[in-house]
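What follows is the residue order along each chain.
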Protein chains: 2
Amino acid sequence: MEAVTNPRRERVDAARNRAKILAAAAEIVSVHGVEGLAMAEVAAAAGVGVGTLYRRFGDRSGLAYALIDEREREFQSAFIQGPPPLGPGADPASRIRAFLHALTDRTVEQLDLLLMAETASPFARFGGAYDGYHAHLSMLIGQADPTADAYVLADQLLAPLAASLLAHRLRTCGVTVDRVKSALDQLLPLR
Amino acid sequence: MEAVTNPRRERVDAARNRAKILAAAAEIVSVHGVEGLAMAEVAAAAGVGVGTLYRRFGDRSGLAYALIDEREREFQSAFIQGPPPLGPGADPASRIRAFLHALTDRTVEQLDLLLMAETASPFARFGGAYDGYHAHLSMLIGQADPTADAYVLADQLLAPLAASLLAHRLRTCGVTVDRVKSALDQLLPLR
DNA sequence: CGATAAACCGGAACGTGTTCCGCTTGCAAG
DNA sequence: CTTGCAAGCGGAACACGTTCCGGTTTATCG
């Protein structure tokens, strides 16, 4: 029998380059911050051409998302299959609250990268992690209140957690994370 | 007596150029859409150098805001001093609802320009029109419910009306404006 | 009216994200 | 091992926003 691995696997040189690029990008971010993350710089540091970056990651925000991805997976599995109140087991209202609080923390944690990714292409987040958040939250809303328009309501609860808004309030207006969270609670009449 | 006009008036050539630039920009947008609004194009069409655009409008998003500005003034005066329920006279809860609905319409109306301005510099809206919206809304919230954290709550009610989110839902997901508005109402337990 | 300073002007130059294309390499089939 | 070719590669070329600066125009004051 023929050894059927995945139909189309990434070539080994391609995989090696992806790793080199991600390592170089992470290094640059940790030293020079997100502003220092220029495509030509990353390419040079990784020892590849810029074309290679674009084939692998699409564009600048794609590279940022790849950098974010690892922690993203952890977060997703926490609210899908982790322990309550974030994961299954608690009542819907508690899970909604726990989810929004956790997402706030998670966004603040990688604020700079998210901000850059969001700015570079405002729709990138939709279709990426955003859709997962949205699906999860609208499911919970539907459980908590079957009469609500869960689909749009989920959008509107997620919107205040956009990186650009959080960055502005936290950094320019001196609002604390706890205050953001408790205001979020006031927005939640769902029971 | 000396004719004291404003201490520092715009020079006549500068005013003429501003008008030419705005006319050219409006023309370009109406023909080629917002994507066609390139700084060099506008400069050429207006018969000025690019440097002149930057002195007048700061950057690309500044030009977009100037294009938006006229309608913006109308809207601001409508909710500050116009007839109720948008203007003064109605109860706070009604004014909040009317304001959010009107802002939705107003955003949808110039969605492309707002989207561009927002994308070019995510903080531009803060400090521009956004602060006016925020001040107005947090005042109304304070009247409706003195125990609420009006400041942050106002942010969170404004966030779902970001141009990027509206554009995504309206254009990619087939959600209607009316549905957005009625979901907004579900978010308003304030009375 | 003439002089002076501040404001303004144009467009070349620059930085950075993105695309393009001819060459090379890994991989599998014969 | 040879061969065919899809996938990958590098970096020059390109697009476009932004900055810079030497020359010009406008407004004001004597």
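Quick note: structure is the one above.
The model shown is predicted, which means the values in this text are computed figures rather than measured ones. (Residues numbered from 1 in each chain as written. Chains lettered and ligands numbered in written order. Predicted model: local features only at pLDDT ≥ 70, side-chain atom pairs only at ≥ 80, totals over all residues. Heavy atoms only, no water.)

Student: Looking at this model, I keep getting lost on the relation of the copies chain B and chain A. Mind explaining?
Tutor: For these two chain copies, the linking operation is a rotation about an axis paired with a shift along it. With an axial shift of 0.1 Å and an RMSD of 0.1 Å, the rotation relating chain B to chain A amounts to 179 degrees. The relationship between the two copies is best expressed as a two-fold rotation axis. Mapped onto chain A, 100% of the interface residues of chain B are again interface residues, and the two copies thus contact each other with one and the same surface. (Least-squares fit on C-alpha atoms with pLDDT ≥ 70 in both. Contact = heavy atoms within 4.5 Å.)

Student: Would you mind going over helix α4 (residues 60-81) of chain A with me for this structure?
Tutor: Within an α-helix, residues lying three or four positions from one another point in the same direction, as the helix has 3.6 residues per turn. With 22 residues, α4 of chain A extends 31 Å from end C-alpha to end C-alpha; this agrees with the ideal 32 Å at 1.5 Å per step. In α4 of chain A, a bend of some 50 degrees at Asp 69 of chain A exceeds every other bend along the element. (Helix = DSSP H or I, 4+ residues; strand = E, 2+ residues; numbered from the N terminus. Expected span 1.5 Å × (residues − 1). Bend = angle between axes of the 7 residues up to and from the residue.)

Student: Would you mind showing me how to read the protein's contact with DNA strand C here?
Tutor: Residues in close proximity to DNA strand C total 21 residues, the closest being Tyr 54 of chain A together with Arg 11, Asn 17, Thr 52 and Arg 55 of chain B. By atom count, sugar and phosphate contribute 67% of the portion of DNA strand C lying within 4 Å of the protein. Side-chain polar atom of Arg 11 of chain A to a base oxygen of DNA strand C: 3.2 Å apart, as the coordinates give it. At 3.5 Å from a base nitrogen of DNA strand C is found a main-chain nitrogen or oxygen belonging to Val 50 of chain B. (Near = heavy atom within 4 Å. Polar contact = N/O pair within 3.5 Å; in protein donor to acceptor, adjacent residues only side chain to side chain.)

Student: Is there a simple way to think about the interface of chain B and chain A in this case?
Tutor: With 31 residues of chain B at the contact, the number on the chain A side is 31 residues. Summing both partners gives a buried area of about 3000 Å² for chain B against chain A, and 64% of it is carried by carbon and sulfur. A per-residue breakdown of the area chain B buries against chain A is headed by Gln 156, Arg 169 and Leu 187 of chain B, which together make up 19% of the total. For the pair chain B and chain A, the number of links is four salt bridges. Its salt-bridge partner being Arg 179 of chain B, residue Asp 149 of chain A comes within 2.8 Å of it at the nearest N-O pair. Counting every contact that joins chain B to chain A gives 14 residue pairs in polar contact (both at pLDDT 80 or more). (Buried area = accessible area lost by both parts, 1.4 Å probe. Salt bridge = Lys/Arg side-chain N within 4 Å of Asp/Glu carboxyl O.)

Student: Which parts of the structure should I look at to understand empty space enclosed by the protein?
Tutor: All chains considered together, the criterion is met by five cavities of 30 Å³ or more. The volume enclosed by the second largest cavity comes to roughly 60 Å³. Lining of the second largest cavity is provided by Val 152, Asp 155 and Gln 156 of chain A together with Pro 160, Leu 165, Leu 166, Arg 169, Val 175 and Val 180 of chain B. Of all the elements in the fold, those that place two or more residues in the lining of the second largest cavity are α8 (150-158) of chain A together with α9 (163-172) of chain B. A breakdown of the residues in the lining of the second largest cavity according to their chemical character gives six nonpolar, one polar and two charged. (1 Å grid on protein atoms, 1.4 Å probe; cavity = no way out; pocket = protein on both sides within 12 Å on 5 of 7 lines; lining within 4 Å. Points joined across faces, edges and corners; volume = space filled by probe spheres on them. Nonpolar A, V, L, I, M, F, W, Y, C, P; charged D, E, K, R; others polar.)

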